[in-house]
Amino acid sequence: MATDIIMPQMGESIVEGTITKWLKKPGDKVQRDEPLFEISTDKVDAEIPSPASGVLQEIKVTEGTTVGVNTVVGTIAADGEAPKPAAAAPAPPRQEQKAAAPTPSSMPAPAASAQEENEEARSSPLVRKIAREHGVNLSQVTGTGLGGRITKQDIMQFIESQGSQPAHVAMGAPPVQTASGAQAPPAPVAYPGDLVPMTNMRKLIAKHMIESRRTSAHVHCMYEVDLTRVVNLRNKQKSGFEQRHGVRLTFMPFFVRAAIIAIQQWPIVNANIEGENIHYHRSINVGIAVALDWGLIVPVVKNAGDLNFLGLQRSITDLGERARTKKLKPEDVEGSTFTVTNPGQFGAVFGLPIINQPNSAIMGVGGIMKVPLVVTDKDGNDSIAIRSVVHLTLGYDHRLIDGAVADQFMAQVKKNLEQWSEEVG
């Protein structure tokens, strides 16, 4: 008896979803709750688990197709039942490789050559992947590892010595690590000059950014913050923090907590315009922008003002991990009242972020850098010292938040960080 695979309803307001990737092919064995395919909706991209154990018998809906919720998209049969061929998939925008000549289904797959077996024995999957990308024959590479095994350093040094370039430039996303630990196939490779369709997520990002620019009167202010106290505290606490709580101590909860304390003094930063009214929110729900290989998403720490430092760190870590493994639910990305984004993780000194609607403010966190800074002691004496500095930017809606309020808010955030006194747990 076959089990139907259906397009799930990922929230009350979700009526359809797009299948972006099948992680299995007909004939593959699957276990119940193992990631089976990926979907994209108006709210989130998510991995959908298998509803049963068995063999993927048939794919009824191909990648790139949008269907309504509860639509049967495939079937799972008990072990031993023959798979049915997948529905015909649309042709990719460009095909560089020639199709392999068809072989009779009864013909056994050719055995791996002795050279291929030797390469597998002498190298890891990562090394072989790098070799394929750069067009390197591993038989030409000398291995320095145990028993002549080729290490990553060996292959990289060989590539540098040969001046090799990647065999192609991948414009799409790299392989995605699924929750099961397996790598999903990478996005189709796009070549310069190709015209490729936008993903659902990219379409939504484009739509939301334009809507935000049209809706809010964007203004930005930037503050330089001496983060030395926080940096020293984190360096001192991070090892013990992870041992005690099983989660890494990052800088993000420091910035979020500093903003929450300031919001409690300047609640209009946490408000938004509704028609001709101002809605002052009772809860502080902080959206944390997460950069993904395939786009950007803003999961939300709900009731962040009620959490202690450890609770913030755990929530931020959990949301980030579930965003990267496509485990977010629609409610995880709804209801934000204030947003924090961190372009500094990629080396930016600062950014001028676009407001995440319907919020009225977004705080951008720049890179933390050591710089010479003039410091004044308690007696008023000036000296130059090496300090850890970060630049924080507030993007705000000038229809609601006046410049003076924005500056006072950011001055309080700066003070909260420079004079940090809370226990981190």
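Keep in mind that what you see is a predicted model, and the values were worked out from it rather than measured.

**Side note on the pairing of strand 18 (residues 369-376)**
Each regular strand displays side chains that alternate between the two surfaces of the sheet.
Thinking step 1. When strand 18 meets strand 19 (residues 382-397), the two strands line up antiparallel, connected through 8 bridges. Note on strand 19: the bridge partner recorded for Val 375 is Ser 383.
Thinking step 2. Taking the residues between adjacent antiparallel strands as the criterion, strand 18 and strand 19 are bridged by 5 residues, where Gly 380 takes a positive phi near 90°.

**Thoughts on helix 7 (residues 309-324)**
Thinking step 1. The terminal C-alpha atoms of helix 7, which comprises 16 residues, lie 23 Å apart, in line with the 22 Å expected from a rise of 1.5 Å per residue.
Thinking step 2. Elements in contact with the buried residues of helix 7: helix 5 (228-245), helix 6 (252-265), strand 12 (286-288), strand 13 (290-292), strand 14 (295-297) and strand 15 (300-301).
Thinking step 3. With a side-chain oxygen positioned 3.3 Å from the backbone nitrogen of Leu 310, the residue opening helix 7 is Asn 308.
Thinking step 4. Positive phi shows up at Lys 326, right after helix 7, with a value of about 60°.

**Let's talk about the pairing of strand 6 (residues 54-59)**
Thinking step 1. A large share of strand 6 lies buried, amounting to 6 of its 6 residues.
Thinking step 2. Sheet analysis places strand 3 (residues 29-30) next to strand 6, joined by 2 bridges and oriented antiparallel. By the bridge assignment, Lys 29 is partnered in strand 6 with Val 55.

**Section: the side chain of Ser 212**
Thinking step 1. Summarising the element assignment, Ser 212 is placed in helix 4 (residues 200-215).
Thinking step 2. Its relative accessible area of 0% is what places Ser 212 among the buried residues.
Thinking step 3. Among residues more than four places away in sequence, those in contact with Ser 212 are His 218, Ile 354, Ile 355 and Gln 357.

**What about helix 4?**
In an α-helix, one full turn covers 3.6 residues, which means residues spaced three or four apart are oriented alike.
Thinking step 1. Between its terminal C-alpha atoms helix 4 stretches 22 Å, which fits the 22 Å expected from 16 residues at 1.5 Å a residue.
Thinking step 2. Within the span of helix 4, buried status applies to Met 201, Leu 204, Ile 205 and Ser 212. The arc that holds the buried residues of helix 4, viewed along the axis, is 100°, so those residues lie on one side.
Thinking step 3. On its buried side, helix 4 packs onto strand 4 (35-40), strand 5 (45-49), strand 9 (218-226), strand 13 and strand 14.

**What about the sheet that holds strand 8 (residues 72-77)?**
Thinking step 1. Across the sheet, 4 strands lie side by side as 1-8-6-3; this open sheet has antiparallel pairing. Sheet topology places strand 1 (3-6) and strand 3 at the edges, where each strand pairs with a single neighbour.

The rules we used
Residues numbered from 1 in each chain as written. Predicted model: local features only at pLDDT ≥ 70, side-chain atom pairs only at ≥ 80, totals over all residues. Heavy atoms only, no water. Pairing = 2+ DSSP bridges. Helix = DSSP H or I, 4+ residues; strand = E, 2+ residues; numbered from the N terminus. Expected span 1.5 Å × (residues − 1). Contact = heavy atoms within 4.5 Å. Polar contact = N/O pair within 3.5 Å; in protein donor to acceptor, adjacent residues only side chain to side chain. Buried < 20%, exposed > 50% of the residue type's maximum accessible area, 1.4 Å probe, protein only. Arc of directions from axis to C-beta.

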